[in-house]
Amino acid sequence: MDKGLPLIVTAMEAEASPVREKLGLIGEGKPLGEGTTALLWSNEFVHLVTNGSDSRFGVDAIGTIPAGLATYLAIRKTSPKIIISAGTCGGFISRNGFIGEIILANRCVFHDRRIPLEGFVNYGIGDFPVANLDSIAYVLGFSLGTVSTGDSLDAQPYDLEFMNSVEAIAKDMEAGSVAWVSAMNNIPFAALKVVTDLVDGEIATEEEFDTNLKYASNRLSEGILSLIHELEDFRMEKR
Ligand code: ADE
């Protein structure tokens, strides 16, 4: 692969902390600039950015807007060779999903940007370029499929209908915006997601998410470590 290191973009501190530990990213994160809460960790192998904590509400700044901003700022600082949106996600029983499933994206879309104006439908959906890491997914035993992004933890009927139409196997709240910034900057994009809850299951999402967050975040740290190793001598192919 070209110059630069991989840049991992995470949202919640609970997801980022085991990942940092596995990657040897120690100490405090460096603020990415005035007027933002994003924090950056770096070593000789990898960079990791989190969106930080919302300055008004004191919770992790999750969702598409902070993720896009953190990605943009981290690109300026690190000139990465690839950007990986890493975190937890909802999975789908109807597509053989299970708690702890590790997923690599081969497609990345938005499911909640409905813009029925001429020329804007596809802009809303996004369908962003995704690095072809199929062979790595195969070697590591990760699932490969569509990651679909929206700014809500729940899924309204139309969102579900859309996610079924693209056979989404992961529903998250950041990948699409990270992919958008990556595409604008011509940097290969990947998404690695681990299932905390089953979108089409019986248990309330928030309850299942809380129960499984720690387990899924540990799985995420293992998945990311393996992916970073595989990327070291991987030659990027266009899809
Ligand atoms: N992250 C973890 N579970 C999720 C879900 N069901 N929807 C969006 N983001 C998630």
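Calculation rules
- Residues numbered from 1 in each chain as written.
- Predicted model: local features only at pLDDT ≥ 70, side-chain atom pairs only at ≥ 80, totals over all residues.
- Heavy atoms only, no water.
- Core = buried A, V, L, I, M, F, W, Y, C linked by side-chain atoms within 4.5 Å.
- Buried < 20%, exposed > 50% of the residue type's maximum accessible area, 1.4 Å probe, protein only.
- Helix = DSSP H or I, 4+ residues; strand = E, 2+ residues; numbered from the N terminus.
- Contact = heavy atoms within 4.5 Å.
- Phe/Tyr/Trp six-rings, centres within 6.5 Å; stacked < 30°, edge-to-face > 60°.
- Lys NZ or Arg CZ within 6 Å of the ring centre and 35° of its normal.
- Axes fitted to C-alpha atoms, helices over the stretch in contact; angles between N-to-C directions.
- Parallel < 35°, antiparallel > 145°, perpendicular 65-115°, else oblique.
- Left-handed = near helix turned anticlockwise from the far one by under 90°.
- Nonpolar A, V, L, I, M, F, W, Y, C, P; charged D, E, K, R; others polar.
- 1 Å grid on protein atoms, 1.4 Å probe; cavity = no way out; pocket = protein on both sides within 12 Å on 5 of 7 lines; lining within 4 Å.
- Points joined across faces, edges and corners; volume = space filled by probe spheres on them.

> Tell me about the nonpolar core, and please be specific about residues and values.
One finds Val49 and Phe189 to be the most contacted residues of the largest nonpolar core, which totals 31 residues. If you list the elements that add at least two residues to this core, you get strand E1 (6-10), helix H2 (64-78), strand E5 (82-91), strand E6 (102-110), strand E8 (168-172), helix H6 (175-184) and strand E9 (189-198). Residue contributions to this core peak at five residues, all from H2. Once you skip the residues sitting within four places of it in the chain, phenylalanine 189 turns out to touch Ile83, Ser85, Cys108, Pro129, Val130, Ala131, Ala175, Val178, Ala179 and Ser182. With 28 residues, the next largest nonpolar core counts Ala16, Leu104, Ala190 and Ile228 among its residues.

> Account for the packing of aromatic side chains, naming residues and giving values.
Using the criterion set out here, one finds two aromatic pairs in the structure. Residues phenylalanine 110 and phenylalanine 128 carry aromatic rings whose centres are separated by 5.7 Å and whose planes lie at 85° to one another, so their mutual orientation is edge-to-face. Note that phenylalanine 110 is positioned in strand E6 and phenylalanine 128 in the loop between helix H3 (121-125) and helix H4 (134-140), a separation of 18 residues in sequence. Ring plane angle 85° and centroid distance 6.4 Å describe the contact between phenylalanine 120 and tyrosine 123, whose orientation is recorded as edge-to-face. Given a relative accessible area of 41%, phenylalanine 120 falls into the partly exposed group. Here tyrosine 123 falls in the partly exposed class, since its relative accessible area comes to 44%. Across from the ring centre of tryptophan 41, 3.9 Å away, lies the NZ or CZ of arginine 20, which sits over that ring. In this structure, arginine 95 is placed above the aromatic ring of phenylalanine 92, and the distance from its NZ or CZ to the ring centre is 4.7 Å.

> I'd love a proper account of H6, names of residues and values included.
What sets the pattern is the α-helix's 3.6 residues per turn: residues three or four places apart point alike. Across the ten residues of H6, seven count as buried, placing the element largely inside the fold. Three or more residues of H6 are buried, namely Ala175, Gly176, Ser177, Val178, Ala179, Val181 and Ser182.

> Summarise the packing of helix H1 (residues 13-23) against helix H7 (residues 205-231); cite the residues concerned and give the values.
Axis separation between H1 and H7 bottoms out at 8 Å; the angle between their running directions is 40°. In this view, H1 runs oblique relative to H7, as classed from their interaxial angle. In the crossing of H1 with H7, the sense of the turn from one axis to the other is right-handed. Contacts from Ala14, Glu15, Pro18, Val19, Lys22 and Leu23 of H1 reach H7 at Leu213, Ser217, Asn218, Leu220, Ser221, Glu222, Ile224, Leu225 and Ile228. Of the residues contributing to the contact of H1 with H7, the split by class is nine nonpolar, three polar and three charged.

> How would you explain unusual backbone geometry if you had to name every residue and give the values?
Of note in the backbone geometry, serine 79 takes a positive phi value of approximately 40° without being a glycine. Checked against the element boundaries, serine 79 lands in the loop between H2 and E5. For serine 79, a relative accessible area of 47% gives the class partly exposed.

> Hey, could you go over the environment of serine 152 for me, with residue numbers and the actual values?
Position of serine 152 relative to the elements: it lies in the loop between strand E7 (143-149) and helix H5 (157-165). Overall, serine 152 belongs to the partly exposed group, its relative accessible area being 35%. For the pair serine 152 and leucine 225, spaced 73 residues apart in sequence, the C-alpha separation works out to 28 Å. In this structure, serine 152 is in contact with Lys171 and Met173, ignoring residues within four places of it in sequence.

> How would you explain the layout of surface pockets if you had to name every residue and give the values?
Here the second largest pocket is characterised by a volume of approximately 350 Å³. Around the second largest pocket sit 25 residues that line it, and Leu153, Met173, Asp197, Thr205 and Phe209 are the ones nearest its centre. Secondary structure elements with two or more residues in the lining of the second largest pocket: E5, E8, E9 and H7. Among the residues making up the lining of the second largest pocket, the classes are represented as 13 nonpolar, five polar and seven charged.

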